[in-house]
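Architecture at a glance
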Amino acid sequence: MGPSPNKETADDSARESLAQHEAMIGAFDGLIYVCSDDFKVEFANKQMIERTGYDPVGHSCFKALHNRESICPWCVNESVQQGKTVRWEIQSPTDNRWYHITNVPIHRPDGRISKMAMIRDITEQKVAEDSFHRREAVLNAVSYAAEQFLKTTAWENHIQEVLSRLGYATEVSRVCLYENHRDPASGVLLTNLRYEWAASGQVRQLYNQDRRDIRLEHAGYSRWSEDLSRGRVVFGAVKDFPASEQQKLTDQGVVSLSAVPVKVDQDGWWGYLLFEDCNVERNW
């Protein structure tokens, strides 16, 4: 006798259900893994295997995902074991990328609860959000500066607050305002650090003699004089600058910078704003 119709129907239903689950897992473009209540990986999809570089089944989830030797301090396994679905975001210490994670409980026939995690890489989204918020902050700071300058001729009374807002908005180490002037004796154009904002922990440069009465051409910054006077911005990583510019900037702890010319009319080059980052090679 062959299998009963009920048995055939049950087998067909099981195969169809398995095919549906495999299709859903295959269609998900992120990472999926299942781990037991003792943190052992029970299943990993193709993307998860590719990320770890090996099949992590049987290995500890904290080792496979984050290359840790112990349970992650942010682990939500306890909540999932209580039958809760947990959604959250994390920046992985393994690759510094941002991930959105949905953790759901899987109830086993023997009463055990496993955790299934579905993970999507949201790094580009986070970068876009951070850029948007930073741009909004910068625009607000510039709007504040324009408002202060337009409503009073005594701009010096507000410049420190303006530099502070620009500094926090751009998340740099220092914001410096340089003003040009002519040497009374020779008539040579010099530039002088007039005002400065520095982030907490950064060395202030306001009384650094290397930043006072500078003749840019003689100090090794001839291209600055040419570009800024023509309304062009000087920016980039210090290591990529000409050798004549690198030494003093490196001695002052500058890693990357952006110098923006300040012009008071169509032809007059008044000075420049200097944004300095002493921590990272920023993409200006």
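Here we summarise the structure given alongside this text. Just so it is clear, the structure is predicted and the values come from calculations on it, not from any experiment. (Residues numbered from 1 in each chain as written. Predicted model: local features only at pLDDT ≥ 70, side-chain atom pairs only at ≥ 80, totals over all residues. Heavy atoms only, no water.)

1. Focus on the sheet that holds strand S6 (residues 174-182)
- Strand order in the open sheet formed by five strands is S7-S6-S10-S9-S8, and the pairing between neighbours is antiparallel. Of all strands in the sheet, those with a lone pairing partner are strand S7 (189-198) and strand S8 (234-237), marking the two edges. Taking the axes of each pair of neighbouring strands and ignoring which way they run, one obtains an average angle of 20 degrees across the sheet.
- Two elements, S6 and S7, share nine bridges in a ladder whose sense is antiparallel. If you follow Asn180 over to S7, its bridge partner there is Thr191.
- Each of S6, S7 and strand S10 (269-277) touches helix H6 (residues 159-170); the most contacted strand, S7, lies at about 70 degrees to it. (Pairing = 2+ DSSP bridges. Helix = DSSP H or I, 4+ residues; strand = E, 2+ residues; numbered from the N terminus. Axes fitted to C-alpha atoms, helices over the stretch in contact; angles between N-to-C directions. Contact = heavy atoms within 4.5 Å.)

2. Section: a nonpolar patch on the surface
- Residues Val233, Phe235 and Trp284 make up a contiguous nonpolar surface patch of about 280 Å² in total accessible area.
- Its location among the elements puts Trp284 in the segment after S10.
- Trp284 gets classed as partly exposed once you look at its relative accessible area, which sits at 33%. (Patch = residues over 30% accessible without salt bridge, like charges linked within 9 Å, V, L, I, M, F, W, Y side chains within 5 Å. Areas by Shrake-Rupley, 256 points an atom, 1.4 Å probe, with all protein chains shown as cover. Salt bridge = Lys/Arg side-chain N within 4 Å of Asp/Glu carboxyl O. Buried < 20%, exposed > 50% of the residue type's maximum accessible area, 1.4 Å probe, protein only.)

3. Here's the deal with the pattern of salt bridges
- Summed over the entire model, instances satisfying the criterion amount to 18 salt bridges.
- For Arg232, the salt bridge identified is with Asp227, shortest N-O distance 2.7 Å.
- On the basis of relative accessible area, Arg232 is assigned to the partly exposed category, the value being 38%.
- Across the salt bridge formed by Lys239 and Asp240, the nearest N and O atoms sit 3.2 Å from each other.
- In the salt-bridge network here, residues are joined through shared partners; they are Glu42, Arg108, Asp110 and Arg112.

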